[in-house]
Amino acid sequence: MKLRVFFCFRMVAESFRLLVVLCAVSVTLLVLWYNSTEILHPATGGSLTAVRQIITESFEGFNNQTGNENGTYLVPNIIHFLRFKKNNLTFVDAVCVLSAFKNHRPDKILFHTDVESFVGPYWEKVKNTPGIVYEFRKVILPDTIFGQNFSKIFHVWHASDVTRIRILMEYGGIFLDNDVYVVQNLNKFRKFEMTLRWDDNQCIGTQVLIANKKARFLRLRLESYRQYYPDKWYYNAGCKPTEEVLYKRPELVHRVKLLFGVHMLVSKLYKELWQEWRQQYTIHLLVRHRSYLDEEHLQQWPIFDEINIKDYPMTFGEMAREVYGIS
């Protein structure tokens with residue numbers, strides 16, 4: 001009888017010990033899983049439940065052709081804009097921000113800038129848009145990269161090219177140039193490690209960048225600045241990383257051809273009514289280049305505003321009226 005009791009007690013003790021071990025293993029695995037993810041609380045445009053995105057330590061072997069097939073987003077639903085030395089938004093600036101908000105519906109928009117805030121009627125239009133959530137993040141215009149002085153001529157532009165890489169390496173998300181119009185929701189690209197425009201026989205475009213903060217190409221692109229060419233407008237930003245990195249390792253990015261609209265679309269935007277514009281995901285407006293690419297219309301429409309856009313008969317007129325709320 002004593003032997004039977006001892007045996008039963010021994011079995012209970014062994015079962016309890018096994019249960020403790022299994023619980024410890026389960027907790028450890030849960031902690032490891034939790035630490036590999038980041039919870040995003042949608043502020044707008046999403047469900048009230050937290051959205052979990054994977055923050056992986058390594059993307060080696062990841063397939064950027066198919067992307068993450070289990071439905072989990074790899075890129076947070078944050079849109080980034082960068083503005084150095086400018087606190088006044090133009091009408092076109094406002095149109096682009098509103099297109100990003102209304103057509104993509106980010107959880108949040110981050111304005112990275114070296115000014116305290118923005119001013120003017122177009123900023124008032126943006127910040128008072130129902131449902132929009134935004135924050136300002138202070139950023140300083142850098143003077144050097146890896147100990148090399150930025151070009152005096154191209155300082156702001158080259159510094160911006162580097163700063164956008166660093167922004168994405170810190171946060172992840174969707175970086176947009178200030179003159180990029182978002183046509184369609186970009187969520188389908190959030191399942192890839194990194195997505196960018198790379199047309200055939202062209203250098204990459206940096207106007208639309210969608211990336212996990214651990215994306216391999218971000219670090220390699222930043223490292224390519226160790227050899228900096230201050231007198232070349234776009235070489236370090238686009239051509240050097242294309243030639244030195246992506247020609248050898250194209251699998252590092254998800255490649256989008258033409259549909260990010262950063263090729264030359266001036267004629268279609270400002271000289272005609274282009275019916276197919278809605279087929280793009282984004283469009284780079286190139287509005288600052290109208291002075292020499294759209295000279296025939298400058299006298300009548302030197303700049304765009306909420307008044308003259310009402311009767312503007314070209315493609316951009318339709319685009320602007322739609323997101324600005326002009327009938």
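Residues numbered from 1 in each chain as written. Predicted model: local features only at pLDDT ≥ 70, side-chain atom pairs only at ≥ 80, totals over all residues. Heavy atoms only, no water.

1. Describing the overall build of the protein
Heads up, the rule is: Note on conventions: DSSP H or I runs of at least 4 residues are helices, E runs of at least 2 residues are strands, and numbering of each starts at the N terminus. With a 1.4 Å probe rolled over the protein chains alone, any residue whose accessible area is under 20% of its type maximum counts as buried; one over 50% counts as exposed, and the rest are partly exposed. Note on definitions: a residue-residue contact is assigned when non-hydrogen atoms from the two residues lie within 4.5 Å. Each accessible area is a Shrake-Rupley result for a 1.4 Å probe, and residues are judged covered by the shown protein chains and nothing else.
Scanning the protein from N- to C-terminus turns up 9 helices and 13 strands. Burial status across the protein gives 48% buried among its 327 residues. In the protein, 69% of the contacts between residues at least 6 apart in sequence involve partners at least 24 apart. Entry remark: accessible area of the protein is about 16900 Å², with carbon and sulfur atoms responsible for 56%.

2. Topic: the environment of isoleucine 132
Mapped onto the secondary structure, isoleucine 132 falls in the loop between helix H3 (121-127) and strand S5 (134-138). Each C-alpha atom, one on isoleucine 132 and one on isoleucine 109, is 8.0 Å from the other, the two residues being 23 residues apart in sequence. Residues in contact with isoleucine 132, not counting those within four places in the same chain, are Phe101, Ile109, Val126 and Lys127.

3. Digging into the pattern of salt bridges
What counts here: Definition used for salt bridges: Asp or Glu carboxyl oxygen within 4 Å of a side-chain nitrogen of Lys or Arg.
Within the structure shown, the criterion is met by 20 salt bridges. Ionic pairing is found between arginine 290 and aspartate 294, a salt bridge with its closest N-O pair at 3.1 Å. The structure contains a network of salt bridges with shared partners spanning Glu60, Glu193, Arg216, Arg249 and Glu251.

4. Topic: the sheet that holds S5
Strand pairs in the sheet, formed through backbone hydrogen bonds, run parallel or antiparallel to each other. Here is the rule we go by: Whether two strands pair depends on DSSP finding at least two bridges between them. With axes taken as lines fitted to C-alpha atoms, and helix axes fitted only over the stretch in contact, angles between N-to-C directions fall between 0 and 180 degrees.
The 7 strands are arranged S5-S4-S3-S8-S11-S10-S12 in an open sheet whose pairing can be described as mixed. Looking at the sheet topology across the chains shown, the edges are occupied by S5 and strand S12 (254-256). Each neighbouring strand pair of the sheet contributes to a mean axis angle of 20°, computed without reference to strand direction. Direction of pairing for strand S10 (residues 194-197) relative to strand S11 (residues 208-211): antiparallel, over a ladder of 3 bridges. If you follow threonine 195 over to S11, its bridge partner there is isoleucine 210. The strands that helix H2 (residues 91-104) touches are strand S3 (78-83), strand S4 (108-113) and strand S8 (173-176); relative to S3, the one it contacts most, it runs at about 170°. Along the sheet, helix H4 (residues 155-171) contacts S3, S4, S5, S8 and S11; its crossing angle with S3, the most-contacted strand, is approximately 150°.

5. Considering empty space enclosed by the protein
Basically, it comes down to this: As defined here, a cavity is a set of points on a 1 Å grid over the protein atoms alone where a 1.4 Å probe fits but cannot get out. A pocket is an open set with protein on both sides within 12 Å along at least five of seven lines, and residues line them when an atom is within 4 Å of a point. Grid points are joined across faces, edges and corners, and a volume is the space filled by probe spheres set on the points. Residues are sorted three ways: Asp, Glu, Lys and Arg are charged, Ala, Val, Leu, Ile, Met, Phe, Trp, Tyr, Cys and Pro are nonpolar, and all the rest, Gly among them, are polar.
Tallied over the entire structure, the rule returns 1 cavity of 30 Å³ or more. Approximately 30 Å³ is the volume found for the largest cavity. Lining the largest cavity are Phe81, Arg83, Asp93, Val97, Phe111 and Asn178. For the lining of the largest cavity, the residue count by class is 3 nonpolar, 1 polar and 2 charged.

6. Observations regarding the side chain of histidine 254
To keep things clear, this is the line we draw: Residues adjacent in sequence count toward polar contacts only when both atoms are side-chain atoms; beyond that, a polar contact is any pair of N or O atoms within 3.5 Å, and within protein one must be able to donate a hydrogen and the other to accept it.
Mapped onto the elements, histidine 254 comes out in strand S12. By relative accessible area, histidine 254 is classed as buried at 13%. A polar contact is formed between the side chain of histidine 254 and the backbone oxygen of asparagine 64, at a distance of 2.8 Å. Those residues in contact with histidine 254 that sit more than four places away from it in its chain are Asn64, Gln65, Phe189, Phe192, Met194, Thr195 and Leu196.

7. Focus on the packing of aromatic side chains
The condition that has to hold: The aromatic pairing rule takes the rings of Phe, Tyr and Trp, using the six-membered ring of Trp, and pairs them if the centres are within 6.5 Å, calling planes under 30 degrees apart stacked, those over 60 edge-to-face and the rest tilted. Both a distance and an angle decide whether a charge sits over a ring: NZ of Lys or CZ of Arg must be within 6 Å of the ring centre and within 35 degrees of the ring normal.
The tally for this structure, following the rule as stated, stands at 27 aromatic pairs. In this structure an aromatic cluster arises from ring pairing among Phe81, Phe111, Phe118, Trp123, Tyr134 and Phe136. Over the ring of phenylalanine 118 we find arginine 83; its NZ or CZ atom is 5.5 Å from the centre of that ring. Between arginine 105 and the ring centre of phenylalanine 101, over which it is positioned, the NZ or CZ distance is 4.5 Å.

8. Some remarks on the nonpolar core
For clarity, the threshold we go by: Only buried residues count toward a nonpolar core, which is a set of Ala, Val, Leu, Ile, Met, Phe, Trp, Tyr and Cys residues joined through side-chain atoms within 4.5 Å.
Grouped together as the largest cluster of nonpolar side chains are 55 residues, with contacts concentrated most on Phe91, Leu176, Ile283, Leu285, Phe304 and Phe316. No other element matches H2, which puts 9 residues into this core. Excluding residues within four positions of it along the chain, phenylalanine 316 makes contact with Val92, Val95, Leu269, Tyr270, Leu285, Phe304 and Ile309. The next biggest cluster of nonpolar side chains, apart from the first, holds 32 residues, and it includes Val162, Leu168, Ala237 and Val245.

Taken by themselves, the reported measurements are silent on function.
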